[in-house]
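# Structural features, examined
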Amino acid sequence: MKLEAVTANNIEVTPEIDEYLRARVDKLSKLVTKMPSASLQAEIGQPKSPYRKGAEIFYAEFKVSLPGNEFTTHKEASNIYKAIESARNETHRRIVTWKKRQRTEQRKNGAIRKQFLRSGEGSEY
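These lines cover the structure that appears in this document, whether it is placed above or below. Given the structure is predicted, the values throughout are model-derived calculations rather than measurements.

Let us now look at the overall build of the chain. From N to C terminus, the chain includes two helices and four strands. Along the chain, helices and strands appear, N-terminal first, in the series β-α-β-β-β-α. If you line up the chain on its principal axes, its C-alpha atoms span 75 × 30 × 15 Å. Expressed as a percentage of contacts within the chain between residues at least 6 apart in sequence, the contacts between residues at least 24 apart total 56%. With 24 positive and 16 negative side-chain charges, the chain shows a separation of 8 Å between the mean positions of the two kinds.

Attention now goes to the packing of helix α1 (residues 15-29) against helix α2 (residues 80-119). Two numbers describe how α1 lies on α2: the axes approach to 10 Å, and their chain directions differ by 15°. With respect to α2, the axis of α1 lies roughly parallel. α1 and α2 meet at a crossing whose hand is right-handed. From α1, Glu16, Ile17, Tyr20, Leu21, Arg24, Lys27 and Leu28 reach across to α2, where they touch Ile80, Tyr81, Ile84, Glu85, Arg88, Thr91, His92 and Ile95. When its residues are assigned to classes, the contact of α1 with α2 shows eight nonpolar, two polar and five charged.

The strand order across the open sheet built from four strands is β1-β2-β3-β4, with neighbouring strands paired in mixed fashion. With partners counted over all chains shown, the strands left at the sheet margins are β1 (2-9) and β4 (69-77), one partner each. For this sheet, the mean angle separating the axes of adjacent strands, direction not counted, is 15°. Sheet topology places strand β3 (residues 58-66) next to β4; nine bridges connect them, and they run antiparallel. Note on β4: the bridge partner recorded for Phe58 is Ala77.

Moving on: the packing of aromatic side chains. Enumeration over the complete set of coordinates arrives at one aromatic pair. On the numbers, 5.0 Å between centres and 85° between planes, the contact of Tyr20 with Tyr81 is edge-to-face. With Tyr20 in helix α1 and Tyr81 in helix α2, this pair connects stretches of sequence that are 61 residues apart.

Among the nine residues in β3, seven count as buried, and that is most of the element. Across seven bridges, strand β2 (residues 39-45) lies against β3 in antiparallel orientation. Bridge pairing links Ile44 to Ala60 in β3. Turn length for the β3-β4 hairpin, with the two strands adjacent in sequence and antiparallel, is two residues, and the turn residue Gly68 shows positive phi of about 90°.

For an α-helix, the turn length of 3.6 residues means that residues three or four places apart are oriented alike. Between its terminal C-alpha atoms α1 stretches 21 Å, which fits the 21 Å expected from 15 residues at 1.5 Å a residue. Residues of α1 that are buried include every one of Ile17, Leu21, Arg24, Val25, Leu28 and Ser29, and no others. Burial along α1 is one-sided: seen end-on, the buried residues are contained in an arc of 150°. In α1, those exposed residues whose orientation departs by more than 90 degrees from the buried face are Pro15, Glu16 and Glu19.

Thresholds applied
Residues numbered from 1 in each chain as written. Predicted model: local features only at pLDDT ≥ 70, side-chain atom pairs only at ≥ 80, totals over all residues. Heavy atoms only, no water. Helix = DSSP H or I, 4+ residues; strand = E, 2+ residues; numbered from the N terminus. Contact = heavy atoms within 4.5 Å. Lys, Arg positive; Asp, Glu negative; His and termini not counted. Charge placed at Lys NZ, Arg CZ, Asp CG, Glu CD. Axes fitted to C-alpha atoms, helices over the stretch in contact; angles between N-to-C directions. Parallel < 35°, antiparallel > 145°, perpendicular 65-115°, else oblique. Left-handed = near helix turned anticlockwise from the far one by under 90°. Nonpolar A, V, L, I, M, F, W, Y, C, P; charged D, E, K, R; others polar. Pairing = 2+ DSSP bridges. Phe/Tyr/Trp six-rings, centres within 6.5 Å; stacked < 30°, edge-to-face > 60°. Buried < 20%, exposed > 50% of the residue type's maximum accessible area, 1.4 Å probe, protein only. Expected span 1.5 Å × (residues − 1). Arc of directions from axis to C-beta.

Listed below in structure tokens is the structure:
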């Protein structure tokens, strides 16, 4: 999985944060090694809201593009590292679920084709 862009809102991306984010994305890339077109865009920051005075809230948002599917994960936490980790965990769960669904669909379609061929309805002779 290729990390296309890292954007930051209301915080500065330090080398430590950038290194931590890239290490977490590298773990996600192991799930989609056979998909060269898989990509991820990350946005991290601190929401600017007048209602959250005094509260340190950080967020991490991952936008994942897979062949045939796109999804977004948004997580908030009191620490930027916790927000990145929880967003990575949720993204990991979503990718695994998507892969299981794809595998199930392939098996169903294969079984239907096999049944169709065995029944003899597919032959024109």
